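Inside the fold
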Amino acid sequence: TPLLTDTRISALRAAGVKVASISLDGASAATHDRIRGIPGHQAATLAAIERLRRHGITVQVNTVVMQETVEELPAVLRLARDAGASIWELFFLVHVGRGQALGELTPDENEDVCHFLVDASCYGLVVRTVEAPFFRRVVAQRESGDGSAPGSLYARLAKRLRAELGEPLSRSRAQT
């Protein structure tokens, strides 16, 4: 928002705000700006994250998981991490209201994304989900070594994750 100026952020910090959520839905400006409907929005979003951090506010990046964004998730994580976000919260598309015009994932694709998110949580950010209670099951299965093998979407995302961010930095920080 253009209203998120340094003066306003200072006032928010003085009022006790410690964490702010910023939506980043695509790794490319074309994807993000199209989803948000505002030309130049991705650049403004990344600048807002930097301003919030400069004022000592922890940043949570929110991303909608849908057909249009799923292949960009590894690069979105890189952008969020490079911008200094501490939390990556992924909203699984609920196909109602405005969401009816967007492409939801299949159950198998949602499962693959959850496996990818467990891997993604090893790169310094806390990873959590909204509208995806099955994420808890995938995290538990991965921790115990049980469960089925992920599919082809997972394989693509995992390969891109390593290409974008290299080897994992830590144990999983998947928040359930």
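Rules and cut-offs
- Numbering of residues starts from 1 in every chain and runs along the sequence as written.
- Where local features are concerned, this predicted model is filtered to residues with pLDDT of at least 70; where side-chain atom pairs are given and counted, the filter is 80 or more; whole-chain, interface and lining totals use all residues.
- Based on all heavy atoms of the structure, the side-chain values leave hydrogens and waters out of the count.
- Only DSSP runs of H or I reaching four residues or more are called helices, and only runs of E reaching two or more are called strands; each is numbered from the N terminus.
- Each radius of gyration is computed over the set of C-alpha atoms, and the globule rule expresses the reference value as 2.2 Å times the number of residues to the power 0.38.
- Each residue is placed in one exposure class: buried if its accessible area under a 1.4 Å probe, protein chains only, is under 20% of its type's maximum, exposed if it is over 50%, and partly exposed if it falls in between.
- Should any heavy atoms of two residues lie within 4.5 Å, those residues are counted as being in contact.
- When a carboxyl oxygen of Asp or Glu is within 4 Å of a side-chain nitrogen of Lys or Arg, the pair counts as a salt bridge.
- Two strands are said to pair when DSSP picks up at least two bridges between them.
- Axes, fitted as lines to C-alpha atoms, cover a helix only where it is in contact. Angles between the N-to-C directions of the axes lie from 0 to 180 degrees.
- Residues are called lining when one of their atoms sits within 4 Å of a cavity or pocket point, these points coming from a 1 Å grid over the protein atoms alone, where a cavity is a set in which a 1.4 Å probe fits but cannot get out and a pocket is an open set with protein on both sides within 12 Å along at least five of seven lines.
- Grid points are joined across faces, edges and corners, and a volume is the space filled by probe spheres set on the points.
- Asp, Glu, Lys and Arg are counted as charged, while Ala, Val, Leu, Ile, Met, Phe, Trp, Tyr, Cys and Pro are counted as nonpolar; the rest, among them Gly, fall into the polar class.
- Stacked, tilted and edge-to-face are the three classes applied to pairs of Phe, Tyr and Trp rings, where Trp contributes its six-membered ring and a pair requires centres within 6.5 Å; stacked means planes under 30 degrees apart, edge-to-face means over 60, and tilted covers the rest.

Moving on: the overall build of the chain. In terms of regular secondary structure, the chain is built from 7 helices and 4 strands. Listing every helix and strand of the chain by position from the N terminus yields α-β-α-α-β-α-β-α-β-α-α. Computed over its C-alpha atoms, the radius of gyration of the chain comes to 16 Å, within 12% of the 16 Å expected for a compact globule of 176 residues. Principal-axis analysis of the C-alpha atoms gives the chain an extent of 50 × 35 × 30 Å. Taken over 176 residues, the chain has a buried fraction of 43%. Sequence separation of at least 24 residues holds for 77% of the intrachain contacts in the chain that already meet a minimum separation of 6.

Attention now goes to the pattern of salt bridges. With the rule as written, the count across this model stands at 13 salt bridges. In this structure, the salt-bridge partner of Arg78 is Asp82, at a minimum N-O distance of 3.9 Å. Residue Arg78 and its partner Asp82 are located together in helix H4 (residues 73–83), separated by 4 residues, close to a single helical turn. Arg78 sits in the partly exposed class, given a relative accessible area of 25%.

As summarised here, the arrangement of the 4 strands in space is E1-E2-E3-E4, forming an open sheet in which the pairing is parallel. Since the sheet does not close on itself, it has two edges, and those belong to strand E1 (19–23) and strand E4 (126–130), each with one partner. Direction aside, neighbouring strands of the sheet carry axes that sit 25 degrees apart on average. As judged from the 5 bridges shared by strand E3 (residues 87–92) and E4, these two strands associate in the parallel manner. Note on E4: the bridge partner recorded for Trp88 is Val127.

With that settled, the discussion passes to the layout of surface pockets. What the second largest pocket holds in volume is close to 200 Å³. Of all the elements in the fold, those that place two or more residues in the lining of the second largest pocket are E1 and helix H3 (41–54). For the lining of the second largest pocket, the element with the most residues is H3, which contributes 5 residues. When its residues are assigned to classes, the lining of the second largest pocket shows 5 nonpolar, 4 polar and 2 charged.

Applying the stated criterion to the full structure yields 2 aromatic pairs. Pairing Trp88 with Phe116 gives two aromatic rings, centres 6.5 Å apart and planes at 90 degrees, and the pair type is edge-to-face. With Trp88 in strand E3 and Phe116 in helix H5 (residues 107–120), the pair connects residues that are 28 residues apart, well separated along the chain. Both residues of the pair, Trp88 and Phe116, belong to the buried class. When the ring of Phe92 is compared with that of Phe134, the centres are 5.5 Å apart and the planes differ by 85 degrees; the resulting orientation is edge-to-face. Of the two residues, Phe92 is situated in strand E3 and Phe134 in helix H6 (residues 134–144); the sequence distance between them amounts to 42 residues. Judged by relative accessible area, which is 4%, Phe92 ranks as buried.

Just distances and angles here, no functional claims.
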